[in-house]
Amino acid sequence: QVRLVESGGGVVQAGGSLRLSCAASGIIFNQCHMNWYRQAPGKTREWVAEVRNNGKANIADSVKGRASVSRDDTKNAVYLQMNSLNPEDTAVYYCHVRVRLSPWRSQEYWGQGTQVTVSS
């Protein structure tokens, strides 16, 4: 079955950096576009970044200039590097993939999330 396992979260001071990792299994990883989302307390889940199967990256405006996303197809892993963190970046960060099951049907999968807390 599909599994997405995030790691790398923690508590960091404002201005610091974190590198989040997501290990994927059960999918043909090099064919998948991988995403990062986050959800802050009391807020809706927010898209953060995407790295497509060709390596092209897209970053949300809210973190542009402070975040980068990358992938390693040899390890079935995707990474989110966050720099210049501020308390507004405090959230649970989720790895996400949408797998096409047929021309007319796809299935979304989420990891369990990793908590990032930025202290001021």
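Since we're looking at a predicted model, the values are computed, not measured.

**A word on the nonpolar core**
Turning to step 1, where the next piece is worked out: Counting residues in hydrophobic clusters, the biggest one holds 31 residues, and the most contacted among them are Ile27, Met34, Trp36, Val69, Val78, Leu80 and Tyr93.
Turning to step 2, where the next piece is worked out: Among the elements of the structure, β3 (18-25), β4 (34-39), β5 (46-51), β7 (67-72), β8 (77-82), β9 (91-102) and β11 (114-119) are those that each provide at least two residues to this core.
Turning to step 3, where the next piece is worked out: Apart from residues lying up to four places away in sequence, Met34 is in contact with Leu4, Ile27, Phe29, Ala49, Glu50, Val51, Arg71, Val78, Cys95, His96 and Val97.

**Side note on unusual backbone geometry**
Excluding glycine, residues mostly carry a negative phi; peptide bonds, for their part, are mostly trans.
Turning to step 1, where the next piece is worked out: Not every positive phi belongs to a glycine, and Asn76 is a case in point at roughly 50 degrees.
Turning to step 2, where the next piece is worked out: Its place among the elements puts Asn76 in the loop between β7 and β8.
Turning to step 3, where the next piece is worked out: With a phi close to 50 degrees, Ser84 is a non-glycine residue in the positive phi region.
Turning to step 4, where the next piece is worked out: Within the secondary structure, Ser84 sits in the loop between β8 and β9.

**Digging into the pairing of strand β1 (residues 3-7)**
In regular strands, side chains alternate between the two faces of the sheet.
Turning to step 1, where the next piece is worked out: Residues Leu4 and Glu6 of β1 are buried on one face, while the alternating residues Arg3, Val5 and Ser7, pointing to the opposite face, are not.
Turning to step 2, where the next piece is worked out: Pairing of β1 with β3 involves five bridges; the strand directions are antiparallel. Residue pairing across strands places Val5 opposite Ala23, the latter belonging to β3.

Conventions we followed
Residues numbered from 1 in each chain as written. Predicted model: local features only at pLDDT ≥ 70, side-chain atom pairs only at ≥ 80, totals over all residues. Heavy atoms only, no water. Core = buried A, V, L, I, M, F, W, Y, C linked by side-chain atoms within 4.5 Å. Buried < 20%, exposed > 50% of the residue type's maximum accessible area, 1.4 Å probe, protein only. Helix = DSSP H or I, 4+ residues; strand = E, 2+ residues; numbered from the N terminus. Contact = heavy atoms within 4.5 Å. Pairing = 2+ DSSP bridges.

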